[in-house]
Amino acid sequence: WCEKAALLLADTLLELAEANAGPQDRGNEKREARLCIVEELRQAPAGLCPVLSRSVPQGVAYHHAGLTVEERAILEAGFRRGILGCLC
């Protein structure tokens, strides 16, 4: 359920962003930081989950016991720094 909620929210945020496309000065920094999180997850021993590859660029992730300790640490750090706005 967590993964499904993250995807639904990420897809909705993407649609809203595309509908309201405009100047993106501040958004670029967050976008770059989110892509760094995606790369960190890709380098993790478990690899990059397809759900997180779609949701993290939109600022959304899921968090549950099925993640590795390293994955949880990466996502928690992103949330604490304000790069990820929602953990499902």
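All of these numbers come straight from a predicted model, not from anything done at the bench.

How each quantity is defined
Residues numbered from 1 in each chain as written. Predicted model: local features only at pLDDT ≥ 70, side-chain atom pairs only at ≥ 80, totals over all residues. Heavy atoms only, no water. Helix = DSSP H or I, 4+ residues; strand = E, 2+ residues; numbered from the N terminus. Rg over C-alpha atoms; globule rule 2.2 N^0.38 Å. Buried < 20%, exposed > 50% of the residue type's maximum accessible area, 1.4 Å probe, protein only. Contact = heavy atoms within 4.5 Å. Core = buried A, V, L, I, M, F, W, Y, C linked by side-chain atoms within 4.5 Å. Expected span 1.5 Å × (residues − 1). Salt bridge = Lys/Arg side-chain N within 4 Å of Asp/Glu carboxyl O. Disulfide = S-S within 2.5 Å.

### What about the overall build of the chain?
Then comes step 1: The secondary structure content of the chain amounts to four helices and two strands.
Then comes step 2: Counting helices and strands in the order they occur from the N terminus, the chain gives α-α-α-β-α-β.
Then comes step 3: Computed over its C-alpha atoms, the radius of gyration of the chain comes to 13 Å, within 12% of the 12 Å expected for a compact globule of 88 residues.
Then comes step 4: With the C-alpha coordinates of the chain rotated into their principal frame, the extents come out at 35 × 25 × 20 Å.
Then comes step 5: The buried share of the chain, taken over its 88 residues, is 31%.
Then comes step 6: In the chain, of all internal contacts separated by at least 6 residues, the share reaching a separation of at least 24 is 62%.

### Things to note about the nonpolar core
Then comes step 1: Counting residues in each nonpolar core, the largest one holds 19 residues, and the members touching the most others are Ile37, Leu41, Leu52, Val56, Tyr62 and Leu75.
Then comes step 2: For this core, the element with the highest residue contribution is helix α2 (residues 25-43), accounting for four residues.
Then comes step 3: With sequence-adjacent residues up to four places away left out, Leu41 is seen in contact with Gly47, Leu48, Leu52, Val56, Glu71, Ile74 and Leu75.

### Points about helix α1 (residues 2-19)
Then comes step 1: The terminal C-alpha atoms of α1, which comprises 18 residues, lie 26 Å apart, in line with the 26 Å expected from a rise of 1.5 Å per residue.
Then comes step 2: Along α1, the residues classified as buried are Ala5, Ala6, Leu7 and Ala10.
Then comes step 3: Considering only its buried residues, α1 is in contact with α3 (50-55) and β1 (60-61).

### Topic: the environment of Ala17
Then comes step 1: By the secondary structure assignment, Ala17 is in helix α1.
Then comes step 2: Placed 41 residues apart in sequence, Ala17 and Gln58 show a C-alpha to C-alpha distance of 9.3 Å.

### Focus: the pattern of salt bridges
Then comes step 1: Taken as a whole and judged by the stated rule, the model has three salt bridges.
Then comes step 2: Put simply, Glu76 and Arg80 hold a salt bridge, and the shortest N to O gap is 3.6 Å. With Glu76 and Arg80 both in helix α4 (residues 69-80), this residue pair falls four residues apart, about one helical turn.
Then comes step 3: Classification of Glu76 by relative accessible area gives partly exposed; the value is 26%.
Then comes step 4: Judged by relative accessible area, which is 64%, Arg80 ranks as exposed.

### So, the state of the cysteines
Then comes step 1: In this structure the tally under the stated criterion is zero disulfides.
Then comes step 2: Free of any disulfide, Cys2 has its nearest cysteine sulfur in Cys88, 7.2 Å distant.
Then comes step 3: Accessibility expressed as a relative area gives 24% for Cys2, which makes it partly exposed.
Then comes step 4: Cys88 carries a free sulfur, and the closest cysteine sulfur to it, the one in Cys86, is 3.9 Å from it.
Then comes step 5: Look at Cys88 and you get partly exposed, because its relative accessible area is 25%.

Everything listed here is a matter of coordinates, which is why it stays silent on function.
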